[in-house]
Structures are given as structure tokens and as C-alpha cells.
Amino acid sequence: MQTGNEFFKNNKAAISKADNYDREMLYDLIIKQFDLLGIDLSEFKYKKVVLKPNLLMRFAPEKAVTVHPDVVFAVAKIFIEAGASVLLAESPGGPYTQGHLRTVYKTSGMEKASKDVGFELNYDTSYTEVNTTGGQRSNKFCIINPILEADCIVNLCKLKTHSMALMTAAVKNLFGTVPGTLKVEYHSRFPKNEDFAAAIVDLTAYICKTKKVISVCDAIIGMEGNGPSGGNPKKIGCIISSENPFALDLLASHIIGTDNSVTMIENAKARGFIPEDISDLEIYGDGPENFVVKDFILPDTHKKNILNHLPSFLQPRPKVVKKICIGCGECARSCPQKIITIKKHKAHIDRKKCIKCYCCQELCRPGAIKIHRSFIYKIVK
Ligand code: SF4
Ligand code: SF4
């Protein structure tokens, strides 16, 4: 099995047309992609395969916040038939507790998929701090134990916009191996996007160097606008797979028109984990140009131009829409700066100390946190 430093010599990715979530179609398509990528399924007999889906929050599949359960079903079936033991493990946003996992598994359709095909759902909430030498920003990460105990991690991601990172697919999904609210501490330690992105690349590189990782991206219905939870579902129409999560993200970024703008990908390029351009990837399947979405809507926070250098008070920022806020306090618990208070059942943000990580927006289920743009931003955009 490929682990160690070999992952970044692997620039192969497969992309295939998929119009819907038919389980049998997905099963055949993903097996074909694995074959094109040279993945030998006979290697997985008696191995521990851990599926790591993007289950950001307790959302139903049609909201396009979480990876679709029928993609999970198809991938699980492939590995079960190969003779592996298959466990699904994820640390969603919010507390890493058995009760929270149970509600997320149920709402996202994972509970049903697990019963239908026969994989296990993880309820072990233990984790370990590991030394990850060689990082640019962090040499220590807390990682949930099922990931550390796996022979192979199947990284089941969703292609979405992200208000802070611009895009989330394979690389950002692996940040969900950090337990629950400990994720917030990394935002505190690395308030600047460049530093946070470098830390995520540190974590991803560590996982890829120590484990076999296969990434499969659900880009059938992705999310545009103010993702990863507050945007709108958008049909993209493909599945992307790769053994190099950075290569998958490079290709995915091209599909949604964010080439050269995603800080995590630029950091990975600078470290030599991927080439500069998708023309240097070995791409199999239906051809990426067939899936490029010309009108893909990016987050309101994103600007490629001079507006990024405006003073902080003129930059976009999170704003609570009081009519929608139900006072649940999830945003306050997820804020690394601890600047959100709940008064009279409504959230209030002390915006002077805001680092614009958008964790609050990401974890607000009712969608009460919007992106406020200054008049200059509105005029120029
Ligand atoms: S803003 Fe959202 S997360 Fe925060 S208290 Fe209101 S509803 Fe809950
Ligand atoms: S208010 Fe929101 S965007 Fe600002 S630091 Fe807190 S979680 Fe991050």
C-alpha cells in the first residue's frame, strides 16, 4: 500500500460524469475510477478501512452540506466486498460526543446507509495527541483514534465553497479528524488564513505520510455561495477520485473557477505536493473541461483584487440576523475568540475582536449569520 512520501509523487486523478445518486451507478463508476488510478482492491482484504465523510453538521442530504449517503453506500460496498472491515468515523462541528454523533449520523442518512450495506458507525470519542514533525506551522495535532488505528482512510468529501478557505474538498475534510471543539483552538492559534491553511496542509501531509489515503469527492450536487453550510446546492455533475488529496483539490478548484486562489492549494504547490497546473496532473475519465461551471458563485468574503487590502473595518464580516437567530448558542461555543454572547435569546458579536474565521456562520443551523459587506465592497464587486 502506498503511504509515506510516495503520496505526493502520485499526480493521478479520475473524474467521471454522474448525474444522480443511483447507488448501483455510483458503485460501478467508483470501481472504474479505482481501476483507472491503479488501486488494487485485493490489497484491502482483512484491512481496517475507515470512511471519513464530510458530516459538517446535522443536515439532511438534500441540503448539500454533507456528503451524500449513497456515495458512502457505494464506497462502503466496494471495500466490504474486497474483504475489509469498514468503519465510518467523523468528528463533526460541535461537541464530539456519542449523542451528537448519533443525531448527525441519523439526519445525514449515514445510519440508514450503514444498515443497508453493513458498515459500522464509530462512537468511540477518544483521541490522541500525535507528534507530526516537519510541519510548517504545527508539529502536534489531536486526532480521533479510529483514524490513527486505520490501515486505510477513505476521505469522502463534498465540493463546496468555504467563506474562510474559499473552497473545501479533500484537504479541508481531513481537518474533521481533529476532535470536536478542539478545532476551534487551531483557529485561535492561527487566526490568519495563510497560517491556518499551512496548518491544515501540515495535518493532511502527516495523515498521508502515515496512512494509505484514497479521496472520493461527491461533486454531483456541490454548494456555491456562502458555504460550507450557508450556501446553495449547485449541480456540478461528477465524482472525482485520487490518492493525493492535494491533486483532487487542484482539479476540483479548476472545476469551480478558483484556480490559483485557494491558499491551501497554493501552500501545497510551494511544498511540491502537487504541480503548479492541472495540465501536469495525470487525469483519467471524462475530461475536466466537461465539468467546469462558468457561473459558480463564490462566497461574499472572497476577493481576488485590491479590496483584500482594505482596512479590517471595511472587510466583509459575520453579522447576526436577529429575526432568524433562535439563541441556541452554537456560534458562541464555536467562536475561537469567545466574542459572541447571547442576550435576550439573540447572539451578539463583538466585531472589533473578530478574526473572520466564519466558524460561527459554519455552525449556525438556522442560517442566522450572514456575511455583511461594506458599501465599497458592494460597489466594486
Ligand atoms: S446566530 Fe445561529 S448559532 Fe448563534 S445563537 Fe443564533 S441561531 Fe444559534
Ligand atoms: S465572530 Fe465568527 S468569524 Fe468572528 S472570530 Fe468568532 S467565530 Fe470567527
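The following refers to the structure shown.

Calculation criteria
Residues numbered from 1 in each chain as written. Chains lettered and ligands numbered in written order. Predicted model: local features only at pLDDT ≥ 70, side-chain atom pairs only at ≥ 80, totals over all residues. Heavy atoms only, no water. Helix = DSSP H or I, 4+ residues; strand = E, 2+ residues; numbered from the N terminus. Rg over C-alpha atoms; globule rule 2.2 N^0.38 Å. Buried < 20%, exposed > 50% of the residue type's maximum accessible area, 1.4 Å probe, protein only. Contact = heavy atoms within 4.5 Å. Areas by Shrake-Rupley, 256 points an atom, 1.4 Å probe, with all protein chains shown as cover. Lys, Arg positive; Asp, Glu negative; His and termini not counted. Charge placed at Lys NZ, Arg CZ, Asp CG, Glu CD. Salt bridge = Lys/Arg side-chain N within 4 Å of Asp/Glu carboxyl O. Pairing = 2+ DSSP bridges. Polar contact = N/O pair within 3.5 Å; in protein donor to acceptor, adjacent residues only side chain to side chain. Expected span 1.5 Å × (residues − 1). Near = heavy atom within 4 Å. Nonpolar A, V, L, I, M, F, W, Y, C, P; charged D, E, K, R; others polar. 1 Å grid on protein atoms, 1.4 Å probe; cavity = no way out; pocket = protein on both sides within 12 Å on 5 of 7 lines; lining within 4 Å. Points joined across faces, edges and corners; volume = space filled by probe spheres on them.

1. Observations concerning the overall build of the protein
- Counting secondary structure elements, the protein contains 13 helices and 15 strands.
- What you see for the protein is a C-alpha radius of gyration of 20 Å, in line with the 21 Å of a compact globule of 381 residues.
- Its C-alpha atoms give the protein principal-axis dimensions of roughly 55 × 45 × 40 Å.
- When the 381 residues of the protein are sorted by exposure, 59% land in the buried category.
- Put simply, of all contacts in the protein between residues at least 6 apart along the chain, 75% involve residues at least 24 apart.
- Approximately 15400 Å² of the protein is accessible, and the part contributed by carbon and sulfur atoms is 50%.
- One finds the centroid of the 52 positive side-chain charges in the protein at a distance of 11 Å from the centroid of its 40 negative side-chain charges.

2. What about the pattern of salt bridges?
- Tallied over the full model, the rule gives 18 salt bridges.
- Among the salt bridges present, the one from Glu-111 reaches Lys-106, with a minimum N-O distance of 3.9 Å.
- Accessibility expressed as a relative area gives 56% for Lys-106, which makes it exposed.
- Ionic pairing is found between Arg-137 and Asp-195, a salt bridge with its closest N-O pair at 2.8 Å. Taken together, the residues span a long stretch of sequence, with Arg-137 in the loop between strand 5 (127–131) and strand 6 (140–144) and Asp-195 in helix 8 (residues 193–210) at a distance of 58 residues.
- Several salt bridges share partner residues, and in doing so they unite Arg-23, Asp-70, Lys-112 and Asp-116 into one network.

3. With respect to the pairing of strand 9 (residues 212–224)
- Strand 9 sits mainly inside the fold: 12 of its 13 residues count as buried.
- Examined bridge by bridge, strand 9 and strand 10 (residues 232–242) share 9 bridges and lie antiparallel to one another. Counterpart to Ala-219 in the pairing with strand 10 is Cys-238.

4. Points about the side chain of Lys-212
- Assignment of secondary structure puts Lys-212 in strand 9.
- A polar atom in the side chain of Lys-212 sits 2.5 Å from the side chain of Glu-243.

5. Focus: helix 1 (residues 23–37)
- In this model, helix 1 (15 residues) spans 21 Å end to end at C-alpha, consistent with the 21 Å of a helix rising 1.5 Å per residue.
- Listed as buried for helix 1 are Leu-26, Tyr-27, Leu-29, Ile-30, Gln-33, Phe-34 and Leu-37.
- If you follow the buried residues of helix 1, they end up packed against strand 1 (12–17), helix 2 (69–81), strand 9, strand 10 and strand 11 (282–285).
- N-capping of helix 1 is provided by Asp-22, with a side-chain oxygen placed 3.3 Å from the backbone N of Glu-24.
- Where helix 1 terminates, the next one or two residues include Gly-38, which has phi positive at roughly 80°.

6. Concerning the site of ligand 1
- Around ligand 1, a shell composed of 13 residues is seen, among which Cys-325, Cys-328, Gly-329, Cys-331 and Cys-364 lie nearest.
- A class-by-class count of the residues in the shell around ligand 1 yields 10 nonpolar, 2 polar and 1 charged.

7. Section: empty space enclosed by the protein
- Counted under the stated rule, the structure contains 4 cavities of 30 Å³ or more.
- Computed from the structure, the largest cavity encloses a volume of approximately 340 Å³.
- If you trace the largest cavity, you find 27 residues lining it, with Leu-56, Lys-172, Phe-175, Lys-183 and Glu-362 closest to the centre.
- Sorting the residues of the lining of the largest cavity by element identifies strand 7 (152–162), helix 6 (170–173), helix 7 (182–189), helix 11 (330–334) and helix 12 (359–363) as the ones contributing at least two each.
- Considered class by class, the residues forming the lining of the largest cavity number 7 nonpolar, 12 polar and 8 charged.

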